[in-house]
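What follows is each chain in one-letter form.
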Amino acid sequence: QGMDLAQARAALRAARRVAVLTGAGISAESGIPTFRDAQTGHWARFRPEDLASPGAYRRDPELVWAWYAGRYRDVLSAQPNRGHDLLAELERQKGAGFFLATQNVDGLHARAGSGSAGGKLVELHGNLSQARDEQTGEVFPLPHPDELTLPPLSPGGQPMRPNIVWFGEFLPEAALDAAQRAFAGAEVALVIGTSSVVYPAAGLAHETRRRGGVVIELNPEATDLSAHADLSLRETASRGLELLMERA
Ligand code: NAD
Ligand code: APR
């Protein structure tokens, strides 16, 4: 560890350009299961290749849509938590120098105000409340789950797929390029609530390190990134952000 909490606080206060990566862990306190938690994680109950892959969708589109529609309903009834709110506050402090890349598809960052407080938000893995026309690539908002008939049809009457990046698929190029540039230029990178095992998202913080920026991780457990972080706080997202932003 290169840094203690006081130094990390000072680095965050002084930084003009801050890049943040979040994963399922920041939404855990909103009651949304993570992926790799041994007991409650999605992948503890389903094999990801059976649900979150192009092959699964080709084999059984109804099953895949039923699973995603269920997760869509769950996230609509969830609320952003203090971690989401503190990131929106950090964006208000940093303005255009703030960039948030999330792997989450639950839409909670946007509902907390991220992306419309002067900075930028990109959803690297899509969003549960959208469907995508496979012919044109166009993305459409889904109706409320109570009005949702599956599969949703494009204006051309074609069945659409969930607008989610599945295992083995490429991320939206523009979002990934913007994220890589933001992390390369950041003085401070925060990596919050992700196991940092899935690429290319897991590689973003290394862009910051390579250019001498500070990397701070917030996670109750150690991850592959922890040894490379200047400070890795064994805290939840909300508690860790309260400590970093001196809101404790
Ligand atoms: P993978 O390694 O199997 O497939 C993606 C591979 O392609 C990776 O090696 C990655 O580096 C590369 N890649 C992806 N986008 C790229 C791009 N735009 N440009 C260049 N290379 C690119 O990874 P994976 O674990 O199978 O998952 C693929 C993506 O789908 C990951 O980002 C993952 O997090 C996401 N995913 C989302 C869900 C969900 O429910 N939201 C579920 C599973 C996977
Ligand atoms: N606060 C912060 N972190 C937490 C909390 C919390 N309250 N609770 C759990 N965590 C941490 C766990 O320790 C774990 O490291 O959140 C992380 C969740 O990791 P994963 O379940 O692997 O989720 P994520 O890293 O987002 O997965 C990446 O893989 O399946 C694909 O596309 C899917 O976006 C997902 C990607």
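Nothing here was measured: the structure is a model prediction, and the numbers come from that model. (Residues numbered from 1 in each chain as written. Chains lettered and ligands numbered in written order. Predicted model: local features only at pLDDT ≥ 70, side-chain atom pairs only at ≥ 80, totals over all residues. Heavy atoms only, no water.)

Visitor: Requested: an account of the site of ligand 1, with residues and values cited.
Guide: Taken together, 19 residues surround ligand 1, and among them His-125, Val-165, Phe-167, Gly-168 and Leu-171 come closest. Here a nitrogen atom of ligand 1 and a backbone polar atom of Leu-171 are 2.8 Å apart. Alone, ligand 1 offers 800 Å² of accessible surface; in the complex the protein occludes 75% of this. Mapped onto the shell around ligand 1, the elements with two or more residues apiece are α6 (61–76) and α9 (173–185). (Near = heavy atom within 4 Å. Polar contact = N/O pair within 3.5 Å; in protein donor to acceptor, adjacent residues only side chain to side chain. Areas by Shrake-Rupley, 256 points an atom, 1.4 Å probe, with all protein chains shown as cover. Helix = DSSP H or I, 4+ residues; strand = E, 2+ residues; numbered from the N terminus.)

Visitor: Could you give me a rundown of the packing of aromatic side chains, with the residues and numbers involved?
Guide: According to the stated counting rule, one finds three aromatic pairs in the structure shown. With a centroid separation of 5.2 Å and 40° between ring planes, the pair formed by Tyr-57 and Trp-166 is classed as tilted. Note that Tyr-57 is positioned in helix α5 (residues 54–59) and Trp-166 in the loop between β6 (161–164) and α9, a separation of 109 residues in sequence. Considered together, Tyr-57 and Trp-166 belong to a single accessibility category, that of buried residues. Seen from their ring centres, Trp-67 and Tyr-68 are 4.9 Å apart, and the 75° between their planes marks the pair as edge-to-face. Here Trp-67 and Tyr-68 have matching classes, each one buried. Feature note: the residues Tyr-57, Trp-67, Tyr-68 and Trp-166 constitute an aromatic cluster, connected by ring pairs. (Phe/Tyr/Trp six-rings, centres within 6.5 Å; stacked < 30°, edge-to-face > 60°. Buried < 20%, exposed > 50% of the residue type's maximum accessible area, 1.4 Å probe, protein only.)

Visitor: I'd love a proper account of the site of ligand 2, names of residues and values included.
Guide: Around ligand 2 sit 21 residues, and of these Ala-24, Arg-36, Thr-194, Ser-195 and Asn-219 come closest. When isolated, ligand 2 has an accessible area of 730 Å², and the protein chains bury 89% of it. Grouping the constituent residues of the shell around ligand 2 by class yields eight nonpolar, 10 polar and three charged. (Nonpolar A, V, L, I, M, F, W, Y, C, P; charged D, E, K, R; others polar.)

Visitor: Lay out the UniProt feature "binding site: substrate" (unreviewed entry) in the protein with the relevant residues and their values.
Guide: Residues annotated by UniProt as "binding site: substrate" (unreviewed entry) correspond here to Tyr-68 and Arg-71. Here Tyr-68 shows up in helix α6. If we skip the residues at most four places from it in the chain, Tyr-68 touches Leu-51, Ala-52, Leu-128, Pro-162, Ile-164 and Trp-166. With respect to the helices and strands, the residue Arg-71 is situated in helix α6. Once residues lying within four places of it in the same chain are set aside, the contact partners of Arg-71 are Phe-35, His-42, Val-105 and Leu-128. (UniProt positions renumbered as here; feature names shortened; annotations may be inferred. Contact = heavy atoms within 4.5 Å.)

Visitor: Any details on the nonpolar core? Residues and values, ideally.
Guide: Ranked by internal contacts, the top residues of the largest apolar core, which has 26 residues, are Leu-190 and Ile-192. Mapped by element, the contributors of at least two residues to this core are α1 (5–14), β1 (18–22), α7 (82–94), β2 (98–102), β7 (188–192), β8 (214–218), β9 (231–233) and α11 (237–244). Contact partners of Leu-190, with chain neighbours within four places excluded, come to Ala-19, Val-20, Leu-21, Leu-90, Ile-216, Leu-241 and Leu-244. Judged by nonpolar contacts, the second largest core, of 24 residues, contains Tyr-57, Trp-67, Ala-131 and Leu-142. (Core = buried A, V, L, I, M, F, W, Y, C linked by side-chain atoms within 4.5 Å.)

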